[in-house]
Amino acid sequence: MHHPFVAFCINEEGQLVISHQRDPKRTDPLEMEISLSELEEKGFDGAARLIGEVALGLLSRWYPAHFEEHGALIPPSMQKR
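Residues numbered from 1 in each chain as written. Predicted model: local features only at pLDDT ≥ 70, side-chain atom pairs only at ≥ 80, totals over all residues. Heavy atoms only, no water.

Trainee: Even after reading the chapter, I still don't get the overall build of the protein chain, so can you show me in this structure?
Mentor: Of regular secondary structure, the protein chain possesses two helices and three strands. Across its three principal axes, the protein chain shows a C-alpha extent of roughly 35 × 30 × 20 Å. The proportion of buried residues among the 81 residues of the protein chain is 23%. On the protein chain, roughly 6,200 Å² of surface is accessible, and the fraction owed to carbon and sulfur atoms is 54%. Taken together, the 8 basic and 13 acidic charged side chains of the protein chain have centroids lying 12 Å from each other. (Helix = DSSP H or I, 4+ residues; strand = E, 2+ residues; numbered from the N terminus. Buried < 20%, exposed > 50% of the residue type's maximum accessible area, 1.4 Å probe, protein only. Areas by Shrake-Rupley, 256 points an atom, 1.4 Å probe, with all protein chains shown as cover. Lys, Arg positive; Asp, Glu negative; His and termini not counted. Charge placed at Lys NZ, Arg CZ, Asp CG, Glu CD.)

The structure is reproduced here in structure tokens:
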């Protein structure tokens, strides 16, 4: 059984790596890299917002029926217009 996942880690280059995989047919996860310097420039609140938007954005795309009832959790950049 395949479980979709979102994972966070820091690579050797000092970047936050957000890996995600929903499709069980994929052999490798998709990855997004964000430098820690970029996050630091945003400050704690800005960095937390960016990371949270990525996580909630992915989940809202994967499970749209669940997020229909909780529209405030969908990042503004991903809301239907």
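Continuing now.
Trainee: I keep staring at the environment of N11 and nothing clicks. Help me out?
Mentor: Locating N11 in the fold gives a position in the loop between β1 (5–10) and β2 (15–21). When residues no more than four places from it in sequence are discounted, the contact partners of N11 are V17 and E33. (Contact = heavy atoms within 4.5 Å.)

Trainee: Can you walk me through the sheet that holds β1 in this structure?
Mentor: Within a sheet, adjacent strands bond to each other through the backbone by hydrogen bonds, running parallel or antiparallel. Read across the sheet, three strands follow the order β1-β2-β3 without closing on themselves; strand pairing throughout is antiparallel. The open sheet has two edge strands with one neighbour each: β1 and β3 (30–35). Taken pair by pair, the neighbouring strands of this sheet meet at an average axis angle of 20°, ignoring direction. The pairing of β1 with β2 spans six bridges and is classified as antiparallel. Paired with F5 across the bridge in β2 is Q21. (Pairing = 2+ DSSP bridges. Axes fitted to C-alpha atoms, helices over the stretch in contact; angles between N-to-C directions.)

Trainee: Looking at this model, I keep getting lost on the nonpolar core. Mind explaining?
Mentor: Among soluble globular proteins, nonpolar side chains are generally buried collectively. In this structure, L16, I18, I34, L39, A47, V54, L58 and W62 together form the largest nonpolar core, which totals eight residues. Counting only elements with at least two residues in this core, the list comes to β2 and α1 (36–62). The element best represented in this core is α1, accounting for five residues. Among all residues touching A47, those that are not within four sequence positions of it are L39 and K42. (Core = buried A, V, L, I, M, F, W, Y, C linked by side-chain atoms within 4.5 Å.)

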